[in-house]
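Chain and residue survey
The chain contents come next:
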Amino acid sequence: GMSARFAQLGLRTFAPLAPGRGLALECGRALSLSSRRTLSSGAAPAAAAKGKDVSYTVDADGVALIRLDAQGEKMNTLTKKLMLEFDELLASLQADLSVKAAVLISSKPDNFIAGADIKMLAACTTAGEAAALAQAGQRIMDKIASSKTPIVAAINGACMGGGLEVALACHQRVASSGAKTALAVPEVMLGLLPGSGGTQRLPRLIGAAAALDMMLTGKTIKPDRAKKMGLVDLVVDPHALERTAIAAAKALASGTAKRSVAKKNRSWMEWALEATPPGRALLFSQAETAVLKQTKGKYPAPPAILAVVKAGLEGGHAKGSAEESALFGKLAVTPECGALQGLFFGQTACKKNPFGKPATAIETVGVLGAGLMGAGIAQVSATKGFHVYLKDTAAAGLARGEAQIANSLAKKVQKKSLSPFIRDVQLANVTGLSDDDANWRALLGKSQLVIEAVFEEISVKHKVVALLEELLPPSAVIASNTSTLPLGQIAKHAKHPERVVGMHYFSPVEQMPLLEVIPHAGTSKQTCAVAVDVGIRQGKTVIVVKDVPGFYVNRCLGPMIAEAMALVQSGTDPLALNEAMKAFGFPVGPITLADEVGIDVTTHVVHNLTADLGVRMAGADLKYLDELVAAKILGKKTRLGFFSYDEAPKGAKPGAPVKGGKVLNPKAMDLLAKYRTSVPQRTPPTEEVQHRMSGRFINEALRCLQDGVVSSPSDGDIGAVFGIGFPPFLGGPFRYVDTIGASAYVQRMSKLADAYGEQFAPPQIVVDMAKAGKTFHAKP
């Protein structure tokens, strides 16, 4: 629906130069002390039993095997304890005459080092404290790099952030070809830069252009790609990792192999770009232009990364490192860094099920309706290992849905982010069913959870619930992907209303990270546990919201749409409105958004809320939207919306991108003209437009917390950022109010209410907050 499209466009702003990468995706893997299920670890060495995170044993040939094993943790992260032990160990290695070479390896089954300890970082209150943290990291990396004893990193699993910086300081890197092996520097997604020498060693090893690409996007590099780039020296089967690394260490000790710290075989072009002043000027001016275009100057980390890499290329390692720690310190205390860290912690919290683990493990999911949403839900279930029964009434409808899944996975194979074998396994997880299949009832009846994605009509939903109650075992859960119908009404005639719950996905399901789980008054805890568990396992960020019109995300969006209409009806140019909201940080303007999702869908969202929100939906004559719909001006899909779009070229396939959308549609403007005659016309300044639009959204989000629609400020922020692309660098509506201060926000909205009406009045919860001088989020 509406909100989804916004966020889909919005998430691209996260990793400043990588389209379509959510912070969730990478940071969740990367810097987190993530809540991943542990696989049983290999036999740990004896020394680790003494409560040490770092220990070593020496073999007969004088190779020390250093094992990293953070005690009581699933992930190795660079905590104070681990760093201190590692520092001591380096000193004893240098002194130990029996040691000729060393191998650094993890005892964890699926991670080398997952990154820095973010909690340690979040605790820094000044730039100086954060810079000191970076310097401590740099000192250890410099010690590894300058060690007379050669050290080989043996990498299996996640090697992220500070973990990759450790590997970069080693003298060779051997990676396993295991599915979990992945290398990245995702600090940019938390508003930071790699602060332990990464900005200096990475460009030297793989070239400045490739290093900037990794650092500015936070992208994940798989082993084969890493080998091609020169990021690792060898890729071997996981079983051969340890012995290959030992052999590499011996070769370094005996001098038959050289330390690999600088890029071999630089092309003359690379040399010209990195080693000559005019080349560097060109490289960095192009990078700066690209960064500015992507970040609109809203994210301070990317320009800082460019500055630090440049300092190192021009002034050498020591100078670059000093600049690296200084800028790391400065970034760590920016509001943007606080906002992105808040989202990261919020997302980590959303990976825990508030209802506990379901009584039985869910392995089989049914999906009713193979339309756009149904097929998307089937895909995210099948790719995560669920067995899926995808049911549509007609064979043609089913075939369309199955083709959608196959095409989506084919694109991944084409981009080499998925192997053809895994693709086939995932496709085999979907069993398609239609009314033509004699046994469809028996098969669908095997599902432990069925998610219906059929037509939004209450009578249809009642029929579906009755059918499913008849087919399914009593323990199975019936979920609805409705976006506008109250769950209480859907469950009204159910024999067992306690097993009915809402699971509201956002479109396109395979790209959008958010899932709203909606219990109605009678839904059981066990039903909720199943819905949240499946959502988390589908890779979604799950928030639990109350059964009210619009749930959470669309409920906040409604008043903002009303305000967009109020502004254009009272004289604001629609193009200026678009630009103002993009400048505020939204991924697309509201006018473009309405065309993207469809003016009919937008109108539906609005009508769904008018009765319930009353004055909070006031300010515009919303009949204007109804007139557009009546005139078949529905946006991109009809090639006429607020904007005009080019006609489809001859022989264009369905689903081909629609071009145009730059020029306002004269028909839509003519209809607008008559609504403008009854309202005094003026052109408000950009800042007023931004405050009015964002204020209507934020007010409703605050009301949602006040009325218990969302259970915490963190859930409210996550829903807004990942559901509709509220600017990530602002951290969400609650973080934004904290940043500008509750009393400043109350003053702003009270002034607007005096000037333009009660729909701007700040909710009681923020008025109380301002009086008490408090914030929604606890200060770190």
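Report follows, based on the coordinates.

Procedures and definitions
- Residues numbered from 1 in each chain as written.
- Predicted model: local features only at pLDDT ≥ 70, side-chain atom pairs only at ≥ 80, totals over all residues.
- Heavy atoms only, no water.
- Pairing = 2+ DSSP bridges.
- Helix = DSSP H or I, 4+ residues; strand = E, 2+ residues; numbered from the N terminus.
- Axes fitted to C-alpha atoms, helices over the stretch in contact; angles between N-to-C directions.
- Buried < 20%, exposed > 50% of the residue type's maximum accessible area, 1.4 Å probe, protein only.
- Phe/Tyr/Trp six-rings, centres within 6.5 Å; stacked < 30°, edge-to-face > 60°.
- Lys NZ or Arg CZ within 6 Å of the ring centre and 35° of its normal.
- Contact = heavy atoms within 4.5 Å.

1. Points about the sheet that holds strand S9 (residues 234-236)
- Here we have 6 strands laid out as an open sheet, ordered S1-S2-S3-S5-S7-S9, and mixed in their pairing. The two strands at the open ends of the sheet, each matched to only one other strand, are strand S1 (54-58) and S9. Each neighbouring strand pair of the sheet contributes to a mean axis angle of 20°, computed without reference to strand direction.
- With 3 bridges connecting them, strand S7 (residues 172-176) and S9 associate as parallel partners. Each residue of the ladder has a partner; that of Ser 176, found in S9, is Val 236.

2. Considering the pairing of strand S5 (residues 151-155)
- In terms of burial, S5 is largely enclosed, as 5 of its 5 residues are buried.
- Side chains Ile 151, Ala 153 and Ile 155 project from S5 onto one buried face, and the interleaved Val 152 and Ala 154 project onto a second face that is buried too.
- Note: strand S3 (residues 101-106) against S5, 4 bridges, orientation parallel. Residue pairing in the sheet places Ala 102 in a bridge with Ile 151 of S5.
- Alignment of S5 against S7, held across 4 bridges, turns out to be parallel. Pairing of Ala 153 across the sheet is with Arg 173, part of S7.

3. A short note on the packing of aromatic side chains
- Throughout the structure, instances matching the rule amount to 10 aromatic pairs.
- Geometrically, the ring pair formed by Phe 584 and Tyr 736 is edge-to-face, given 5.8 Å between the ring centres and 80° between the ring planes. Highlighted residues: Phe 584 in helix H24 (residues 574-584) and Tyr 736 in helix H31 (residues 733-740), separated in sequence by 152 residues.
- Of the residues examined, Phe 584 reaches a relative accessible area of 9% and is grouped as buried.
- Their ring planes at 75° and their centres at 5.2 Å tell us that Phe 734 and Phe 776 sit as a pair that is edge-to-face. Placement of Phe 734 in helix H31 and of Phe 776 in the segment after helix H33 (764-772) is noted, with a sequence separation of 42 residues between them.
- When its relative accessible area of 0% is taken as the criterion, Phe 734 is described as buried.
- Here a set of aromatic residues connected by ring pairs shows up, and it is made of Phe 584, Phe 586, Phe 697, Phe 726 and Tyr 736.
- Taking NZ or CZ as reference, Arg 696 lies 5.6 Å from the ring centre of Phe 760, over its face.

4. Looking at the sheet that holds strand S8 (residues 182-184)
- The 3 strands are arranged S4-S6-S8 in an open sheet whose pairing can be described as parallel. Here the strands that pair on one side only, and so sit at the sheet edges, are strand S4 (111-113) and S8. Here the average twist between neighbouring strands, direction ignored, is 15°.
- As paired strands, strand S6 (residues 158-160) and S8 are joined by 3 bridges and run parallel to one another. Bridge pairing in S8 links Cys 159 to Leu 183.
- Contacts from helix H6 (residues 162-169) reach S4, S6 and S8 within the one sheet, and its direction differs from that of S6 by about 85°.

Note that every value here comes from positions in space, so none of it alone points to a role or purpose.
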